[in-house]
Amino acid sequence: MHKNMTNTEIAELLRAVAAAYQLQDEDKNHFKIVAYQRAADAVEHASSELKDLWDERKLDEIPGIGKSIAEHLGELFITGKSNHFELVMKGLPSQMFELMKIPGIGVKTAYSLSSKFKHKIREKSAIEDLEKIAKGGGIAKLEGFGEDSENAILSSIKEVRGREDRLLLPYAMQIAEDIVSWMNKSNEVRRVDALGSLRRYASTVGDVDIAVSSDNPKETIEHFTKYPKKSRVLEKGVRTASIIVPGGKQVDLMVEKPESYGSLLQHFTGSKHHNIALRTMALKKEYSVSDYGIYVLDKKRRSQKALKSSRKSLRKFATEEEFYKFLGMDWIAPELREDNGEIQAAINHKLPKLVVLKDIKADLQIHSDFDIETSHDLGESSMQDLVEEAETLDYEYIAFTEHNPSHSKHTENEIVELLKRKREKVDAINYSLKSKNNSKRILKVFNSLEIDILPNGKLPVSDKGLGTLDFALISIHSSFRLTKTQMTQRVLSALSQPKVKIFAHPVARKLGAREGIELDWEKIFEFCLKNDKWLEINADPMRLDLPDFLVREAVKKGVKLTLGTDAHHATHMANMEFGVSVARRGWAEMQDIINTRSLEEFEKMIEL
DNA sequence: GCCGTTTTCGGCCCGACTGTTTTCAGTCG
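Residues numbered from 1 in each chain as written. Chains lettered and ligands numbered in written order. Predicted model: local features only at pLDDT ≥ 70, side-chain atom pairs only at ≥ 80, totals over all residues. Heavy atoms only, no water.

## So, the protein's contact with DNA strand B
Thinking step 1. DNA strand B sits among 48 residues. The nearest are G64, T109, G146, R279 and Y292.
Thinking step 2. Counting only the atoms of DNA strand B within 4 Å of the protein, the fraction contributed by sugar and phosphate is 80%.
Thinking step 3. G104 is positioned such that a nitrogen or oxygen atom in its backbone is 2.6 Å from a phosphate oxygen of DNA strand B.
Thinking step 4. In this structure, a phosphate oxygen belonging to DNA strand B sits 2.9 Å away from a side-chain N or O atom of S288.
Thinking step 5. Elements with a minimum of two residues in the surface near DNA strand B: α2 (30-45), α4 (67-79), α7 (107-116), α9 (147-162), β5 (232-236), α14 (272-284) and β8 (287-290).
Thinking step 6. The element that contributes the greatest number of residues to the surface near DNA strand B is α14, accounting for five residues. (Near = heavy atom within 4 Å. Polar contact = N/O pair within 3.5 Å; in protein donor to acceptor, adjacent residues only side chain to side chain. Helix = DSSP H or I, 4+ residues; strand = E, 2+ residues; numbered from the N terminus.)

Here's what the structure looks like:
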């Protein structure tokens, strides 16, 4: 028996096949190479495991996987290998794929190095081995290499080693903010924007992308490369430059004149797939789109080679709105630019009216420091401080959702007693809020609880304990590795409790640290819809859970969602921004989100 | 190899920078 391949492994394999074709004959295989790379991208971004899709005969639902690749993958799932893939990759040194993880080393370089040092570079320690060779001056001597490329390889190896994984949003934002304020120190700079995956609020960010509007690109680039906190300048041209900042993170900068800045904003925001789809669509209308603007092509354009000469005039765009309008489209919110149907929707004027931060009238997951001897970490701020923060944020209501009292350390009765104390405390807060006697709107505080779902689907709180609550959240904090069927049953069983309204951080992932659990989402969605249960979008930047692609599925089915920051300190309540961005990436509108409802509506919705 | 609101055949996004060259290949976004 062979173990099932994960999506990541399949993507790696497809990229290896693309590399093999590239080495064979890059020109002849060009589109085949692109196709395999696109398939690899698609597999990486797929929302389900490919093996599961294959089991359900739904492999063709993934755009980029056609008949041929699907067949090879099928063979792979049945026999553990694909004859075709093996044939294509025959004779390729396996070390080369390790070397390709070093920035600047691509297919050709990796192949040439691993062939030349066949015995000195071993697969298990390819990068270390290459470093030794480079340090000994062994690379500079090779034909086609030199001292500069040897040094570049050495720097890259150091960075790849010191580099953390992709950044969580707040860290990427911090890097971007520092650069933006540095760039604003230059008189030549008219405007600076952080773009790329950060502007699209992807769950994690690889590189930080910065665009600058300036009449003087040369000076702007010069200023950028003098950024005091940089560890080194990676590239420096007339229009773009890249630096490495501490942590090994790369910051890319592009400059454009104000009259064309809209095109740069559009281009540099991406995503790559959005841009490719957009440009392909434009080409059918005889427009050639680039980061400079849009060339209107000569109708008689016959071939790719004639493309450049068939260009007539360049249309420039100072704003993104003008750019999209020229193509006959509505402006598309950055969060939607993933080539998931937004282009067609923009042409048909059918884009969703995405929820925005100021629609949010409540935070539905907050942990105070009120000690009910919880099973997991208590919050750090007092209920009073959290209430004040909620008033500052202009919320109409909030819910205190401490973890349930520890099941193992207390009897059922003790748990009920602890919960009664919290009930009294919350009642007292609501009473004092009401008697403040000012003209302002009165904040309402709900008494809730985040309850562990035990592995058997039961809750560690009795009916009597549940009776003290206005409503309950449930979530998974243990036994993450049950089978999909067991896990689904576990969750549905817990959701059946009448007091339970919200399934919190449903995937239970921790970005960069823990994969999520496996659930039968069709069943979960169906149950939620039928029984009026809601799925949380957890706004903690380390969770962002439900993930955007599942939000999209939920929204399509009409399942309602809640937003909660999972704040364990008053300052964490500001993370709502990240939760809203996930909702937007899932095409959620105001009516999809429960906590856009007024207090009166919400109170009706939690009545039993 | 993939794909279709002009197509099941004939197309496939567009550009910048570096290093080693002497006109370009390789890499990246």
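On we go from here.
## Topic: the layout of surface pockets
Thinking step 1. Within this model, the second largest pocket holds a volume of roughly 340 Å³.
Thinking step 2. Around the second largest pocket, the lining comprises 19 residues; the ones closest to its centre are D377, D540, R543, D566 and H568.
Thinking step 3. Tallied by class, the residues present in the lining of the second largest pocket amount to three nonpolar, nine polar and seven charged. (1 Å grid on protein atoms, 1.4 Å probe; cavity = no way out; pocket = protein on both sides within 12 Å on 5 of 7 lines; lining within 4 Å. Points joined across faces, edges and corners; volume = space filled by probe spheres on them. Nonpolar A, V, L, I, M, F, W, Y, C, P; charged D, E, K, R; others polar.)

## Some thoughts on the pattern of salt bridges
Thinking step 1. Per the stated rule, a full pass over the model turns up 35 salt bridges.
Thinking step 2. A salt bridge links R423 to D427, with the shortest nitrogen-to-oxygen separation between them at 3.0 Å. You can see R423 and its partner D427 sitting in helix α18 (residues 412-434), four residues apart, about one turn around the helix.
Thinking step 3. D470 is the salt-bridge partner of R423, the closest N and O atoms lying 3.1 Å from each other. Taken together, the positions of R423 in helix α18 and D470 in the loop between α19 (463-466) and β15 (472-475) put the pair 47 residues apart, joining distant regions of the chain.
Thinking step 4. Beyond isolated ion pairs, a larger network of salt bridges with shared partners links R15, D41, E44 and K272. (Salt bridge = Lys/Arg side-chain N within 4 Å of Asp/Glu carboxyl O.)

## Digging into the domain arrangement of chain A
Thinking step 1. One can read the domain layout of chain A as domain 1 (7-164), domain 2 (167-256), domain 3 (269-348) and domain 4 (361-607).
Thinking step 2. Each of domain 2 and domain 3 has a C-alpha centre, and these two points are 25 Å apart.
Thinking step 3. Across the contact, eight residues belong to domain 2 and 11 residues belong to domain 3.
Thinking step 4. Carbon and sulfur atoms supply 43% of the area buried between domain 2 and domain 3, which totals about 780 Å² over both sides.
Thinking step 5. Broken down residue by residue, the surface that domain 2 buries against domain 3 is led by R199, R200 and R239, which jointly contribute 75%.
Thinking step 6. Counting every contact that joins domain 2 to domain 3 gives three salt bridges.
Thinking step 7. R199 serves as the salt-bridge partner of E320, at 2.8 Å between the closest nitrogen and oxygen.
Thinking step 8. Here domain 2 and domain 3 share six residue pairs in polar contact (both at pLDDT 80 or more) between them.
Thinking step 9. Elements with a minimum of two residues in the side of domain 2 that touches domain 3: α11 (196-199) and β7 (249-256).
Thinking step 10. Along the lines of polarity and charge, the residues of the side of domain 2 that touches domain 3 split into three nonpolar, one polar and four charged. (Domains from an automatic or database assignment. Contact = heavy atoms within 4.5 Å. Buried area = accessible area lost by both parts, 1.4 Å probe.)

## Description of the environment of F578
Thinking step 1. Inspection of the secondary structure puts F578 in helix α23 (residues 576-585).
Thinking step 2. Taking the C-alpha atoms as reference points, F578 and L357, 221 residues apart in sequence, are found 9.4 Å from one another.
Thinking step 3. Excluding residues that lie within four positions of it along the chain, F578 makes contacts with L169, P170, M173, Y201, A539, P541 and L544.

## Digging into empty space enclosed by the protein
Thinking step 1. In total, this model carries three cavities of 30 Å³ or more according to the counting rule given.
Thinking step 2. Of the volumes computed, that of the largest cavity is approximately 80 Å³.
Thinking step 3. Residue lining of the largest cavity: P103, S156, E159, V160, R163, R232, L234, I244, G248 and Q250, and that is the complete set.
Thinking step 4. The set of elements that each furnish at least two residues to the lining of the largest cavity consists of α9 and β5.
Thinking step 5. Counting residues per element, the lining of the largest cavity draws most heavily on α9, at three residues.
Thinking step 6. Looking at the lining of the largest cavity residue by residue, the classes come out as four nonpolar, three polar and three charged.

## Remarks on the packing of aromatic side chains
Thinking step 1. The final tally for this structure, using the stated rule, is 15 aromatic pairs.
Thinking step 2. Ring centres of F446 and F602 lie 5.2 Å apart, and the angle between their planes is 70°; on these two criteria the pair is classed as edge-to-face. You can see F446 sitting in strand β13 (residues 444-447) and its partner F602 sitting in helix α24 (residues 599-606), a full 156 residues away along the chain.
Thinking step 3. For F446, a relative accessible area of 2% translates into the label buried. (Phe/Tyr/Trp six-rings, centres within 6.5 Å; stacked < 30°, edge-to-face > 60°. Buried < 20%, exposed > 50% of the residue type's maximum accessible area, 1.4 Å probe, protein only.)

## So, helix α13 (residues 261-269)
Thinking step 1. Burial analysis of α13 places eight of its nine residues in the buried class, which makes it a mostly covered element.
Thinking step 2. All buried positions along α13 are accounted for by Y261, G262, S263, L264, L265, Q266, F268 and T269.

## Some thoughts on the sheet that holds β5
Thinking step 1. Spatially, the five strands line up as an open sheet ordered β2-β4-β7-β6-β5, and their pairing is mixed. With one partner strand each, in any of the chains shown, β2 (189-195) and β5 form the two edges of the open sheet. Within this sheet the neighbouring strands show an average axis-to-axis angle of 20°, counted without direction.
Thinking step 2. In this sheet, strand β4 (residues 208-214) lies alongside β2 in antiparallel orientation, the contact comprising six bridges. (Pairing = 2+ DSSP bridges. Axes fitted to C-alpha atoms, helices over the stretch in contact; angles between N-to-C directions.)

## Here we look at the pairing of strand β16 (residues 500-503)
Thinking step 1. Bridge count between β15 and β16: three bridges; the pairing is parallel. Following the sheet pairing, I474 is matched in β16 by F503.
Thinking step 2. Summarising the sheet, β16 and strand β17 (residues 534-538) pair through two bridges and their orientation is parallel. Across the sheet, the residue bridging to I502 is W534, located in β17.
Thinking step 3. Crossover handedness for the path β16 to helix α21 (residues 521-531) to β17: right-handed. (Right-handed = clockwise from strand over helix to strand, strands pointing away.)

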